[in-house]
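Structure at a glance
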Amino acid sequence: MYGMLYESVQHYVQEEYGVDIWRKVCHIIDCKHNSFKTHQIYPDKLMPDIAEALSACTGESFDFCMNFFGRCFVRFFSNFGYDKMIRSTGRYFCDFLQSIDNIHLIMRFTYPKMKSPSMQLTNMDDNGAVILYRSSRTGMSKYLIGQMTEVAREFYGLEIKAYVIESQNDISGGTAGPIKLTEGPLTVIVKYRLDFDNREYMAKRVNTEAHPSQLKMPTVKLDVFLDLFPFTFVLNHDMKITHAGEKIVETWIMHNPGANPKSFIGTHVMDLFQCRRPKDTTIDWDTLIQMRAVLFEFELIRTGHNRAAYDAVLNMDFENYDEMDLNEAQTMALAKAQEFSESHPLDDDEAAGEDEIDPATGERRSSQGLRSILLKGQMFYIKDVDSLIFLCSPLIENLDELHGIGLYLNDLNPHGLSRELVMAGWQHCSKLEIMFEKEEQRSDELEKSLELADSWKRQGDELLYSMIPRPIAERMRLSQEQVCQSFEEVSVIFLEVMNVYDEGLNSIQGAMQAVNTLNKVFSALDEEIISPFVYKVETVGMVYMAVSGAPDVNPLHAEHACDLALRVMKKFKAHDLGDVAIRVGINSGPVVAGVVGQKVPRYCLFGDTVNTASRMESSSDPWKIQLSKYTGDKVRQVGYKVESRGTVKVKGKGDMETYWLLEGPEG
């Protein structure tokens, strides 16, 4: 699906339920997209996944969420000006229902990879209408109900009630496509009943009468239509071609040289053409008579271009097939086909293996030889002959495609704009290519800029989280008031690196060596910090400060603080640091924490617990871990091996009983 559908969902979920709910939804489905790009393709399954997550967060049903998403899309596309196109389809809601496929056809040029469904209005009455929905996606039936409801309310002032009356191959909650139990392709088919006040439309439709002057006009022969539309053909109730324009017969002969030129008339239309639009439509009388407002695209089936086929045609005795001789058009077509075959020889396998239209994008593929012609037009019912006539023109974009099909400008309808459009497409092709190249270049530059911005944001976040704890930084980012936070009990760790300066070196050399040594030691300490159990607070000079139990409350703070100290001692004793030594002090108790400053803000701890921990470090011995009496008693109860140091005179505290930490509970 294109990003515009997901843009609408994101916008209105945030507006209706709040940004926090949207973030929670994205977290549930593990969605990594902060935003969606309008013309980018995203996985189909993302839509039902979002609906399921929103249902879980809000308590609404899955069907309600999909219906809500459909209504959101209709509100959202007005930002792109598409509401004008909807309003222009007709005066009544039924006019819009008849034009849905045509709208999708027009939008295909803006969104070439759009997998649009097919919808036909099958029945109308004073109380509403019935539409038939066909799609390759499952689980989108409720989404369509939301769209229909919002279009009726927003553009036609109608309150409608829509519900499903028949459904085939539709699986709620998924868009992967119907499950195929057979080799043939399966299609989701859903029939909807739309209840609304349709009396005005039915009155206008039923009571329309021809003007008396029109009733006096003479009957128009069918040959007039065939002359005006040389690519048209007429179908009877059996879907067999009864009449055809000169150019379509000529083109068919050119593309199918091995077939009897006279067999075009009387053949079933699906034996000669493939219906490209609407997709998966059953071509029969009852279906087409209800789809007279729908634009059809038929692709001419060809058998290939090879010498054997032309020889077979030239040696064929057509008199045995029909008493009439070949007309001038058929003779000219055979001559053109033979001439093209001699100049463009092609093997049977190569000719038969080409597929002109890419089913994924609906666009033409490049192929050797003549390209298959694509006819676009509308079905009309002619009451006098009780037949359907397909008034159409070939779809040709430029002169190159015209020559690829094997046609000339004079073959196109003289009264339409076909010739002018082909010439205009050729003249402006180079300008459009330049414009597209510039737009692609701008798009690439924009994508690179967005990637660079994302990279800068990640680096900024990492730098911020290295200075301030992540939960505190998130609160600050949401502009919440910065307040101090008190903790009933944490464990504060102080570690000092000793003997860093070499007295034999001058001051500059000693300072540089001290910086390098401290960088190695502190970097090694950073590797031992395991968040959220222990958080690095700061480094001041030769001292490294950390805390366990803040900003994330941790009942095992004393144990985690001691584990850190033991790991650090073991790590540095295993390395030859020369005269460098470390000493550690740990104390537990209440603290107050908060972010201080606006330029280079820091997360700081305050309280007597911090001062005591600092004194435990400063009064400790090299390669020793000194614990306060409270911390020592706390960890000894859970199996840590400690040794009483006795009474130590601590500056500002007097005599204090302390412990040496020797081993962990596993030692």
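Everything below is about the structure shown above.
Residues numbered from 1 in each chain as written. Predicted model: local features only at pLDDT ≥ 70, side-chain atom pairs only at ≥ 80, totals over all residues. Heavy atoms only, no water.

Moving on, we come to the overall build of the protein. Per the secondary structure count, the protein includes 24 helices and 18 strands. Burial statistics for the protein: of 667 residues in total, 46% are counted as buried. Here the protein has roughly 36,100 Å² of accessible surface; of this, 51% comes from carbon and sulfur atoms. (Helix = DSSP H or I, 4+ residues; strand = E, 2+ residues; numbered from the N terminus. Buried < 20%, exposed > 50% of the residue type's maximum accessible area, 1.4 Å probe, protein only. Areas by Shrake-Rupley, 256 points an atom, 1.4 Å probe, with all protein chains shown as cover.)

Applying the stated criterion across every chain yields a total of 24 aromatic pairs. Considering the side-chain rings of F73 and F77, the 5.4 Å spacing of their centres and the 80° angle between planes classify their relative orientation as edge-to-face. The exposure class of F73 is buried, given its relative accessible area of 12%. Both rings, one in W252 and one in F264, keep their centres 5.3 Å apart while their planes meet at 55°; by these two values the pair is tilted. Residue W252 is found in helix α11 (residues 246–255), and its partner F264 is found in the loop between α11 and α12 (269–272); the two are separated by 12 residues along the sequence. (Phe/Tyr/Trp six-rings, centres within 6.5 Å; stacked < 30°, edge-to-face > 60°.)

Right, let's get into empty space enclosed by the protein. With the rule as written, the count across this model stands at two cavities of 30 Å³ or more. By volume, the second largest cavity amounts to about 70 Å³. In terms of lining residues, the second largest cavity is bounded by I493, F494, L495, L525, Y544, A546, L564, A565, V568 and V584. Where the lining of the second largest cavity is concerned, the elements lending two or more residues are β11 (485–498), β13 (543–548) and α22 (557–573). For the lining of the second largest cavity, a count of residues per class yields 10 nonpolar, no polar and no charged. (1 Å grid on protein atoms, 1.4 Å probe; cavity = no way out; pocket = protein on both sides within 12 Å on 5 of 7 lines; lining within 4 Å. Points joined across faces, edges and corners; volume = space filled by probe spheres on them. Nonpolar A, V, L, I, M, F, W, Y, C, P; charged D, E, K, R; others polar.)

Another aspect to go through is the layout of surface pockets. The space that makes up the second largest pocket amounts to roughly 1,200 Å³. Lining the second largest pocket are 29 residues, with K32, H33, N34, D454 and K457 positioned closest to its centre. Elements with a minimum of two residues in the lining of the second largest pocket: α1 (3–17), α2 (19–28), α19 (429–467) and α20 (470–477). No other element matches the nine residues that α19 contributes to the lining of the second largest pocket.

We now examine the sheet that holds strand β10 (residues 387–394). What the six strands build is an open sheet, ordered β6-β5-β10-β9-β8-β7; its pairing is antiparallel. Two strands close off the open sheet at either side, each with one partner strand: β6 (241–244) and β7 (273–277). Ignoring which end each strand starts from, the neighbouring axes of this sheet average 35° apart. Note: strand β5 (residues 233–235) against β10, three bridges, orientation antiparallel. (Pairing = 2+ DSSP bridges. Axes fitted to C-alpha atoms, helices over the stretch in contact; angles between N-to-C directions.)

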